[in-house]
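# Tertiary structure, described
This is what each chain is made of:
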Amino acid sequence: MDEILIECSPGVSGDMLLGAFYDLGVPKNVIEKPLCDLGLENLYCLKFKESNSCSIRGIKVDIEKIDQITKRNWKSIKQLISFGNLENKLKTIIYKVFESLAIAEGKVHGINPEDVHFHEIGAIDSLVDIIGVCAAINYLNPKKVYCNQPNLGKGFVQTEHGKLSIPSPAVIELLSKKNIQVASSFDSIEGELSTPTGIALIVNLVDSYQYPKKFSIESYGVGIGTLKFPFPNLVRVSEVNSYHHNSGDQKVNPKCEEISVQEAWIDDQTPEDVANFVQKLRDKGAYDVSYRAINMKKDRIGYSIQVILPLEKKEYFRELWFNHSSTIGIRERNQSRWILLRRIGECSTSLGKIKVKQTLRPDGSFSFKAENDEILRLSLKHNKKTEEIRNIVNESISNFKPIENWK
């Protein structure tokens, strides 16, 4: 599956997500298998029922709690996950969700996460919601997950801690920890629009909170919530193909993609620190980074640093700027770029194999360029000039074999 798009309007909860994934086509046995593997199969009865909200159909999740008593803490849930017979990828996903909840609850109550006792979240229905949604994502294996900004609601909700204001403290902590923006489209509505379980799932499973500008919808599923509002209370999960993820097999060349550009001028860091920061930006996934010396106010010499990066990473890179450089502000813009399709391959030469980049030109011809690191490696190894190495590679281009797809 290419990509998943989650529409949590007005909000999101674990059971609504689970219903939407089931309606999308995730088999019930896929959802329940990890629950059985963890020895929880006799503690609940899971049913998916046709329902509607304001005349919009969808799937309502009904979990009969056979186990009404057991309340679990983070330590016991962690042991359950660690020793369960789960595949490693799924185990990691489930662990991340519960760990984020434990850390949030620990911060809220001022205790060590290891000592956190889950109440509503530790009940069997919440375990089914969280583990079931993680199993659905693992089964679909999307390249990317998108989601809109969730609404939270207002008022009060009854919990085992008594009445808590909405949004709950755990929801606020989860969102602030991940620096996720929220929407206020329904700020006049009384009620809990997004639950801690729902928020914990999206903050750990979602890659981007900005929808792709263009996409096609292949299929979708709808999960219906419990609360009644004067508007449909649902979550929609869609299988989509976004425009900017066109593959080379479709021969879209050159192709246009959206990128983010961030920039700052810095005059109060040493050249060594600036160089270290630039290397960190490259290591963390920037497409490219450039920097140069400039004259700044009060005749100080500073540095102009500009980084080009994927759209979905711009929030993460803002944190890098503010945590690892001395700047107190950055400029940021989204813009388009046109790029030719390219792929990496190998050429067998008289000096051994060397990695080469192949580019597809608009007229259908190919150009080849050996990676500079490879040229330098062979030059040092065989004590030959770099120009001589390039000539040897050019003579061996007919031996080129791709090791990746066009991108």
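Counting starts from 1 at the beginning of each chain's written sequence and moves along it residue by residue. This being a predicted model, a pLDDT of at least 70 is required before a residue's local features are given, and a value of 80 or more before pairs of side-chain atoms are given or counted; all residues contribute to the totals for chains, interfaces and linings. As a convention, hydrogens and water are excluded, and side-chain values are obtained from all of the structure's heavy atoms.

Here we come to the overall build of the protein chain. Helix and strand counts for the protein chain stand at eleven helices and 17 strands. Overall, the protein chain is about 75 × 55 × 45 Å in size when its C-alpha atoms are taken along their principal axes. Any residue under 20% of the maximum accessible area for its type is buried, any over 50% is exposed, and the rest in between are partly exposed; the area is computed with a 1.4 Å probe on protein chains only. In the protein chain, buried positions account for 47% of the 407 residues. Residue contacts follow a heavy-atom distance rule, with two residues in contact if any of their heavy atoms lie within 4.5 Å. Sequence separation of 24 or more characterises 70% of the internal contacts of the protein chain that already satisfy a separation of 6 or more. Helix and strand assignments follow DSSP, with helices taken as H or I runs no shorter than four residues and strands as E runs no shorter than two, numbered in order from the N terminus.

Across a sheet, paired strands are connected by hydrogen bonds in the backbone, their directions being either parallel or antiparallel. Read from one edge to the other, the open sheet built from four strands follows the order β11-β12-β10-β13, with strand pairing classed as antiparallel. One side of each edge strand has no neighbouring strand; the edge strands of this open sheet are β11 (288-295) and β13 (331-339). Here the average twist between neighbouring strands, direction ignored, is 25°. Bridge count between strand β10 (residues 255-266) and strand β12 (residues 301-310): eight bridges; the pairing is antiparallel. Among the inter-strand pairings, Gln262 is bridged to a residue of β12, identified as Val307. Sheet strands touched by helix α8 (residues 271-283): β11 and β12. Its angle to β12, the strand with the most contacts, is close to 5°. Packed onto the sheet, helix α9 (residues 314-324) meets β10, β12 and β13 and runs at close to 15° relative to β10. DSSP-based pairing: two strands are paired if at least 2 bridges between them are found. Fitted lines through C-alpha atoms give the axes, limited to the stretch in contact for helices. The angle between two N-to-C directions lies from 0 to 180 degrees.

This part is about the nonpolar core. Throughout, nonpolar core names a set of buried Ala, Val, Leu, Ile, Met, Phe, Trp, Tyr and Cys residues whose side chains join them through atoms within 4.5 Å. Ranked by internal contacts, the top residues of the largest apolar core, which has 63 residues, are Leu17, Phe21 and Phe98. In this structure, Ile266, Val274, Val289 and Val307 belong to the second largest nonpolar core, which totals 15 residues.

Time to look at the packing of helix α2 (residues 28-37) against helix α5 (residues 124-140). Orientation of α2 relative to α5, taken along the N-to-C sense of each, is 120°, at an axis distance of 8 Å. When the axes of α2 and α5 are compared, the pair comes out oblique. Crossing handedness for the pair α2 and α5: right-handed. The segment α2 lies against α5, with Val30, Ile31, Pro34 and Leu35 engaging Leu127, Val128, Ile131, Gly132, Ala135 and Tyr139. Three residue categories are used. Nonpolar comprises Ala, Val, Leu, Ile, Met, Phe, Trp, Tyr, Cys and Pro, charged comprises Asp, Glu, Lys and Arg, and polar comprises the others, including Gly. For the contact of α2 with α5, the class distribution of residues is nine nonpolar, one polar and no charged. Geometric relationships in this document are graded by angle, where less than 35 degrees denotes roughly parallel, more than 145 denotes roughly antiparallel, 65 to 115 denotes roughly perpendicular, and other angles denote oblique. Crossing handedness is read from the near helix: turned anticlockwise from the far helix by less than a right angle, it gives a left-handed crossing, and turned clockwise, a right-handed one.

The N-to-C vectors of helix α4 (residues 88-109) and helix α6 (residues 169-178) enclose an angle of 115°; their axes lie 9 Å apart at closest approach. Seen along the crossing, α4 lies across α6 with a hand that is right-handed. Taken together, the residues of α6 that come into contact with α4 (itself represented by Ser100, Leu101, Ala104, Glu105, Lys107 and Val108) are Pro169, Ala170, Glu173 and Leu174. Of the residues contributing to the contact of α4 with α6, the split by class is six nonpolar, one polar and three charged.

To continue, consider the pairing of strand β15 (residues 352-360). Here eight bridges tie strand β14 (residues 342-349) to β15, and the two strands are oriented antiparallel to one another. Pairing of Glu346 across the sheet is with Lys355, part of β15. Hairpin remark: β14 followed by β15, antiparallel, with two residues in the connecting loop. The pairing of β15 with strand β16 (residues 366-370) spans five bridges and is classified as antiparallel. Residue pairing across strands places Val356 opposite Ala370, the latter belonging to β16. With antiparallel pairing between neighbouring strands as the criterion, β15 and β16 make up a hairpin whose turn holds five residues, including Gly364 at a positive phi of roughly 95°.

Attention now moves to the sheet that holds strand β17 (residues 401-402). In space, the four strands of this open sheet follow the order β16-β15-β14-β17, with antiparallel pairing throughout. Taken across any chain shown, the strands that pair with only one partner, and hence form the sheet edges, are β16 and β17. Bridge count between β14 and β17: two bridges; the pairing is antiparallel. Note that in β17 the partner of Glu346 across the bridge is Lys401. Lying on the sheet, helix α10 (residues 372-382) is in contact with β15 and β16; it crosses β15 at an angle near 155°.

The subject of this paragraph is the packing of aromatic side chains. Ring pairs shown here join Phe, Tyr and Trp side chains whose ring centres sit within 6.5 Å, with only the six-membered ring taken for Trp; geometry is labelled stacked below 30 degrees between planes, edge-to-face above 60, and tilted in between. Throughout the structure, instances matching the rule amount to eight aromatic pairs. Ring centres 3.9 Å apart and planes at 5° place the aromatic pair Tyr22 and Phe48 in the stacked group. Here the residue Tyr22 occupies a position in helix α1 (residues 14-24), and Phe48 occupies one in strand β2 (residues 44-53), the gap between them amounting to 26 residues. For a Lys NZ or an Arg CZ to count as sitting over a ring, it must be within 6 Å of the ring centre and within 35 degrees of the ring normal. Positioned over the ring face of Trp265 is Arg331, at 5.1 Å from the centre of the ring. The side chain of Arg337 reaches across the aromatic face of Tyr287, ending 4.4 Å from its centre.

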